Amino acid sequence: METLEKAGLAVNYNKIPGTKSKSLPKQVHIWDETLRDGEQTPGVALTIDEKIEIAKKLDEVGTAIVAVGFPAVSEEEKKAVAAIAKEGLSKASVAAPARAVISDVKSCIDAGVAEVPIFIATSDFRLKYQLRMTRQEMLERLTECIEYGKEHGLIIDYIAEDATRSEMEFLCQAYRTAIEAGADKICIADTVGFVRPEVMKHITREVKARLWTKAKYKVPIAVHCHDDFGLATANTLAAVEEGVTYPQVCVNAYGERAGNAAFEEIVMALEELYGIDTGIETEKIYSLSKLVERHFVVPLPLHKAISGDNAFTHSSGIHSHGQLTHSMTYEPISPSIVGRRREFHLGKFVGRHFVEYLLKMGGVKATSAQAREITERVKKTHEELKKTQSKVAFDKIKGDLKDLRTGVSEREFWAIVFDIV
Ligand code: MN
């Protein structure tokens, strides 16, 4: 890309002054939630060993904060969190969340983590229906839990759950209250993936305008986005454009419902399209993605950005031939940047130039008539494949995928109920 740009043969609008927000930070710190929100992917349950392996890999690649689990969930989960905290990570901060409940914070202290993100919602309807408390009661609870955590020497963050559906003045009052109680960072959570990128920018700007004017409230801001409308990555980047420095991500976009902003997408977009340092060794991203996919037992879509099997695979003759003329023709980045290799898929879209290239690479001498015949044969072989055969295989695989989900189905739940009641 660099040489094409320097030679004046390609324009990179991403680098043109005026296309970047003035609030864009120079560096961000990746806050990974794979082992917490990610594990809340329906059907996923990790063993302690798997959690440790993933946490270590996240640390190795340069993640700043690794949320390793939710101690209040169960004794087993608390053990897993404690095991990782005891083992310790070399650079990353080991974090575990707590509801704004003293017993949750205690569980985190028992587990030995260094950082505790405390979450409680700020939207009025959640306060009314879910939490059944007044705004004042919520603020008091928040203060009590943060002060308790700080007294125990923890790094404390305040996650405003449902921040994007909360009244702005109260949201900021909650942030101020948290900071006064000792919170080190605050987080804007788009808990149900509800806003547009432009709205995320508006909210971030408003929060900054109301808090950062006073030095004592100027703490780093994190963001937590969900993919219910497929906007988790866009919304996270929008927040970073307005000065957020702690994007929360999950490897492979795993997480509750439609998942969270993908680790690999956020890191690569920030590094390549914005020119921001994420602290991540991008060459290790693919191996991280594969490790997490295997332990989660949730196969990635083939076309998943950055990490899907097809992400750097060329199929059509035009594209394959284009790739041979210059690697940037049909690729935005070199696959090696994320630790991958370029692949070619042969089928009905294959072209003669590409076949000739493969023959040359394989040291096979063929006349152009033979090359044409080979090309035709490849096309035909693909086109004549029995479609019904692949449909049968597809149905079988979809059925097998259901078996991969662990947990208790509704039917099994009622079986347990009738066994006991
Ligand atoms: Mn979430």
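(A) Spotlight on the coordination of the manganese ion. Looking at the manganese ion, the protein donor atoms are Asp 37 (OD), His 224 (NE2) and His 226 (NE2), and they sit 2.0 to 2.3 Å from it. We note that the donor set of the manganese ion lies within a single chain, spaced as D-x186-H-x1-H. With Asp 37 in the loop between β1 (31–32) and α2 (48–61) and His 224 in strand β8 (residues 221–225), this pair connects stretches of sequence that are 187 residues apart. Looking at Asp 37, the relative accessible area reads 2%, which means it is buried.

(B) Main features of the nonpolar core. Ranked by internal contacts, the top residues of the largest apolar core, which has 93 residues, are Ile 118, Met 138, Ile 146, Tyr 158, Tyr 175, Val 207 and Phe 263. Top contributing element to this core by residue count: helix α7 (residues 168–181), with nine residues. With 11 residues, the next largest nonpolar core counts Ile 65, Phe 70, Phe 119 and Cys 187 among its residues.

(C) Highlighting the domain arrangement of the chain. Structurally, the chain comprises domain 1 (24–296) and domain 2 (313–387). Computed from C-alpha coordinates alone, the two centres of domain 1 and domain 2 are separated by 44 Å. Here domain 1 meets domain 2 over a buried area of about 530 Å², counting both sides, of which 62% is carbon and sulfur. The tally of links between domain 1 and domain 2 comes to zero salt bridges.

Criteria and cut-off values
- Residues numbered from 1 in each chain as written.
- Predicted model: local features only at pLDDT ≥ 70, side-chain atom pairs only at ≥ 80, totals over all residues.
- Heavy atoms only, no water.
- Donors = N, O, S within 2.8 Å, 3.2 Å for Na, K, Ca; no water.
- Helix = DSSP H or I, 4+ residues; strand = E, 2+ residues; numbered from the N terminus.
- Buried < 20%, exposed > 50% of the residue type's maximum accessible area, 1.4 Å probe, protein only.
- Core = buried A, V, L, I, M, F, W, Y, C linked by side-chain atoms within 4.5 Å.
- Domains from an automatic or database assignment.
- Buried area = accessible area lost by both parts, 1.4 Å probe.
- Salt bridge = Lys/Arg side-chain N within 4 Å of Asp/Glu carboxyl O.

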